[in-house]
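As a plain string of letters, each chain reads:
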Amino acid sequence: MDWVAFENDRKFVLEGLRHGEVDYVEHVSEAAEADLFRHLVSRDVLTRLAETYPTPREKEEVPIWLYLASQISLKLHDAAYNAFPYVLRSGGLITALGPNVGRKAVHPDTADVTLACAGFNDKNTNGRQTPCDQDFLRKFARDTNADRLHDWFNREVPRCLRSLKLFDAEGLFLGDASYIFVPDNENYEDSVKLLFDEHNHPVDSKKVDLADKRYQWRRCYKVVSLIHVNRSLDLFLTVAARVVPGNRHECPILYELVDGFVKAVDRGWMKILMVDRGLIDGANIGRLKRDHQVDTVVPLKKNMDAYQDMLGLTRLKDFAWEPYQPPYATRRDQTDRPKHPTLVKRELKRQQTLAKKKGLPPPQPLPQPQTLLGIARGVTSWNDCPVPLTVVINREIDRDGKVDDWILGTTSATFSAGQIRSNYTLRTAIEERHRQYKCFWDLARMPSRKFSLVVCQVLFVLLAYTLLQGHLFLRQRQEMNPRTRRRLLQLLNPTLEVVAVSYQQRFCLLSLGEFATILLELEEEARAKLLPKMKQIRRDVYHLLQNARPP
């Protein structure tokens, strides 16, 4: 059976319905998941991704696009493969793909309303309740080569996002690595066991007291990712990722991902790359500037010559400082951020009123945290980096007057000190999204110990999250993108009970009242023509599953 796409053409379908012409009528729940898959189908996203997917099969009995759609649907619902039939019933995938893939039917034994699917081959004698078997999805993922799957994801996903016009003009990208912890089972392929502190940071077992309960041995993998964001942080797209053993260093892997991204989508899309201290590599940072015109922003380590040179410059009498306004504090525990001036003024006035009533001297304004920036250009004391740096020192002064200095370096010769600091501030957003992946999207849920299934779990969670982010952004619902999975899942609940009417590979969605009104207003000739067709559809619903098996 070939894939047949249905176009949403309300005018055409209504004209056919008024003349008594209809192919299929179905009562459905309109949900955001169905809208997502209709969007992916209409923009040929699934088709393009399927064309280059590294299939492990020589014979394609089930279309690759259906496998991809099923994997995305499972990840949206945080479901295992054995829950695939129930995900199809409660989700919007079948609604989006149309009646040629699946229709509602009544089970002959239980009288439950379920799905009846034609499938893609004639091997089964039982009535299908899914377009493909859940065991097919698991075995297909297990047999897919992990390296080829990485290459496909890192090449085709950025190309797909580019075709959807989702790349922001500023070209802001984040690079980072995150640990994924799995049960302490040595059968997890390519996993390693490392010592971590209470903050899940790896530590050297030779430098700490192993009897201290704060340190625990944990089995893990590492995910190195390249992420595209915009300035307002309401768009967060994973454009490349690689799953490796936890003891591999992320530095060379990230710069390979950057090279692969530029090769996949061409130069000019990535303009600024923000990384942390663990990804300092002077040779690669200089190469990105020279070969790809990508400016990197990175915090310098205290033992670097460029760091010490910048501290020396601050001791000069004519060194210039400029104030920087960090984001205002939004919570009481954010003591490192200044409060909004309106709140400070209001609180001071309240304290003065209280002091006056008690006959006390009026209180003085409380000091607020402040940030000062200093900049030096053309710094060449980083021997590993072949291009000169612009270096910015950030001087943080808290309420008690304590001073803390830290330094940022960038290969850009034009950014101001405030721009460099603002750009790097975006990098901290990655920590919140990593928390969302692990806590709300079950990125680390690894029911299988085979490495190919571990990679499949990680990459398809990232793909589903990225496609949903892009879909909400294109639907102008980007305010939902920073929310947690729990909040986003509310969008997947049915939002409207409608009737789907199909005619000549086109469809439209009508409310129950609208559909009833159209039927009552039909001419006698059209009504007589439509009645047999509706009776046939009703019989099909009861007879599609004559030899059904349980899901």
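The shown structure was predicted, so the numbers you read here are calculated from the model rather than taken from an experiment.

> Would you take a moment to explain the overall build of the protein for this structure?
Looking only at helices and strands, the protein features 18 helices and 16 strands. For the protein, the share of sequence-separated contacts (at least 6 apart) that also reach a separation of at least 24 residues comes to 70%. Split by element, the accessible area of the protein, about 27,700 Å² in all, is 49% carbon and sulfur.

> Which parts of the structure should I look at to understand the nonpolar core?
By size, the foremost hydrophobic cluster in this structure holds 138 residues, and its most contacted members are Tyr 53, Tyr 67, Leu 68, Leu 226, Phe 261 and Leu 273. Sorting elements by how many residues they give to this core places helix α15 (residues 451-474) first, with 16 residues. Leave out the neighbours within four places in its chain, and Leu 68 touches Leu 46, Leu 49, Ala 50, Tyr 53, Trp 152 and Phe 460. Judged by nonpolar contacts, the second largest core, of 17 residues, contains Val 25, Leu 510, Ile 518 and Ile 537.

> Any chance you could explain the packing of aromatic side chains here in plain terms?
The description of an aromatic ring pair uses the distance of the two centres, along with the angle that the planes make with each other. Applying the stated criterion to the full structure yields 18 aromatic pairs. Note on Tyr 53 and Phe 140: the rings are 6.1 Å apart at their centroids and 25° apart in plane angle, and the pair reads as stacked. Highlighted residues: Tyr 53 in the loop between α3 (45-51) and α4 (64-76) and Phe 140 in helix α7 (residues 134-143), separated in sequence by 87 residues. Residue Tyr 53 shares its accessibility class with Phe 140, and that shared class is buried. An aromatic cluster is built from Tyr 53, Tyr 67, Phe 136, Phe 140, Trp 152 and Phe 460, whose rings are joined through pairwise contacts.

> Explanation requested: the packing of helix α1 (residues 10-18) against helix α17 (residues 512-520) in the structure shown.
Between two packed helices, both the angle of their axes relative to each other and the distance between the axes serve to describe the pair. At a minimum axis distance of 10 Å, the contact between α1 and α17 shows a crossing angle of 40°. Classified by the angle between their axes, α1 and α17 sit oblique to one another. Between α1 and α17 the crossing geometry is right-handed. Residues Arg 10, Leu 14, Leu 17 and Arg 18 of α1 pack against Glu 514, Phe 515 and Ile 518 of α17. Its residues assigned to classes, the contact of α1 with α17 comprises four nonpolar, no polar and three charged.

> So what exactly am I meant to see when it comes to the side chain of Ser 225 here?
Assignment of secondary structure puts Ser 225 in strand β7 (residues 216-229). Contact partners of Ser 225, with chain neighbours within four places excluded, come to Leu 174, Gly 175, Asp 176, Thr 238, Ala 240, Ala 241, Leu 254, Leu 257 and His 434.

> For this particular structure, what's the right way to read the packing of helix α8 (residues 146-163) against helix α9 (residues 250-265)?
Interhelical geometry of α8 versus α9 gives an angle of 50° and a closest axis separation of 9 Å. Judged by the angle between their axes, α8 and α9 are oblique. With respect to the hand of their crossing, α8 and α9 are arranged in right-handed fashion. Each of Asn 154, Arg 155, Pro 158, Arg 159 and Arg 162 in α8 lies in contact with α9, whose residues at this interface are Leu 257, Phe 261, Ala 264 and Val 265.

> Looking at this model, I keep getting lost on the environment of Lys 529. Mind explaining?
Mapped onto the elements of the fold, Lys 529 is located in helix α18 (residues 524-543). Look at Lys 529 and you get partly exposed, because its relative accessible area is 45%. Setting aside its immediate chain neighbours within four residues, Lys 529 contacts His 19, Gly 20 and Glu 21.

> Would you mind showing me how to read the pattern of salt bridges here?
If you walk through the whole model with that rule in mind, you get 23 salt bridges. A salt bridge links Lys 139 to Asp 135; its shortest N-O distance comes to 3.1 Å. In this pair, Lys 139 and Asp 135 both sit in helix α7, four residues apart, roughly one turn of the helix. The class for Lys 139 is partly exposed, based on a relative accessible area of 33%. Among the residues examined, Asp 135 registers a relative accessible area of 28% and is labelled partly exposed. Of the charged contacts in the structure, one is a salt bridge between Glu 250 and Lys 222, with a shortest N-O distance of 2.7 Å. Note that Glu 250 is positioned in helix α9 and Lys 222 in strand β7, a separation of 28 residues in sequence.

> Sorry, what's going on with the side chain of Gln 71 here?
Tracing the chain through its elements places Gln 71 in helix α4. A polar contact is formed between the side chain of Gln 71 and the side chain of Tyr 81, at a distance of 3.0 Å. Among residues more than four places away in sequence, those in contact with Gln 71 are Tyr 81, Leu 137, Ala 141, Cys 456 and Phe 460.

> Got a minute to help me understand α15 in this structure?
For the α-helix, the turn length of 3.6 residues means that residues three or four positions removed from each other point alike. Here α15 contains 24 residues, and its C-alpha end-to-end distance of 34 Å stays within 8% of the 34 Å for a straight helix at 1.5 Å per residue. Within α15, 22 of the 24 residues are buried, leaving the element largely enclosed by the surrounding structure. One or two positions beyond α15, positive phi appears at Gln 476, with a value near 60°.

> What is the right way to read the environment of Asn 82 from this model?
By secondary structure assignment, the location of Asn 82 is in the loop between α4 and α5 (84-90). The exposure class of Asn 82 is exposed, given its relative accessible area of 58%. Asn 82 sits 53 residues away from Asp 135 along the chain, and the two C-alpha atoms are 7.7 Å apart.

> Please explain unusual backbone geometry as it appears in this structure.
Most peptide bonds take the trans configuration, and most residues that are not glycine carry a negative phi. One non-glycine residue, Asp 190, lies in positive phi territory at about 65°. By secondary structure assignment, the location of Asp 190 is in the loop between β5 (172-182) and β6 (192-196). Looking at Asp 190, the relative accessible area reads 44%, which means it is partly exposed. Not every positive phi belongs to a glycine, and Leu 233 is a case in point at roughly 60°. Looking at the secondary structure, you find Leu 233 in the loop between β7 and β8 (236-245).

> It is not clear to me how the pairing of strand β10 (residues 295-299) should be interpreted in this structure. Could you clarify?
Across a regular strand the side chains alternate sides, sitting on one face of the sheet and then on the other. Within β10, five of the five residues are buried, leaving the element largely enclosed by the surrounding structure. Pairing between strand β9 (residues 272-274) and β10: three bridges, direction parallel. Following the sheet pairing, Leu 273 is matched in β10 by Thr 296. Read as a crossover between parallel neighbours, the route from β9 over helix α10 (residues 282-292) to β10 is right-handed. One ladder, built from three bridges, connects β10 with strand β14 (residues 403-410); its direction is antiparallel.

> Where do I start with the confidence of the model for the protein in this structure?
Note: predicted coordinates in regions of low pLDDT should not be interpreted at a detailed level. For the protein, the mean per-residue pLDDT works out to 84, and 86% of the residues sit at or above 70. Summarising per-element confidence for the protein, the mean pLDDT is lowest in helix α16 (residues 485-489) (57) and highest in α8 (96).

Cut-off values and rules
Residues numbered from 1 in each chain as written. Predicted model: local features only at pLDDT ≥ 70, side-chain atom pairs only at ≥ 80, totals over all residues. Heavy atoms only, no water. Helix = DSSP H or I, 4+ residues; strand = E, 2+ residues; numbered from the N terminus. Contact = heavy atoms within 4.5 Å. Areas by Shrake-Rupley, 256 points an atom, 1.4 Å probe, with all protein chains shown as cover. Core = buried A, V, L, I, M, F, W, Y, C linked by side-chain atoms within 4.5 Å. Buried < 20%, exposed > 50% of the residue type's maximum accessible area, 1.4 Å probe, protein only. Phe/Tyr/Trp six-rings, centres within 6.5 Å; stacked < 30°, edge-to-face > 60°. Axes fitted to C-alpha atoms, helices over the stretch in contact; angles between N-to-C directions. Parallel < 35°, antiparallel > 145°, perpendicular 65-115°, else oblique. Left-handed = near helix turned anticlockwise from the far one by under 90°. Nonpolar A, V, L, I, M, F, W, Y, C, P; charged D, E, K, R; others polar. Salt bridge = Lys/Arg side-chain N within 4 Å of Asp/Glu carboxyl O. Polar contact = N/O pair within 3.5 Å; in protein donor to acceptor, adjacent residues only side chain to side chain. Expected span 1.5 Å × (residues − 1). Pairing = 2+ DSSP bridges. Right-handed = clockwise from strand over helix to strand, strands pointing away. pLDDT = per-residue confidence, 0-100.

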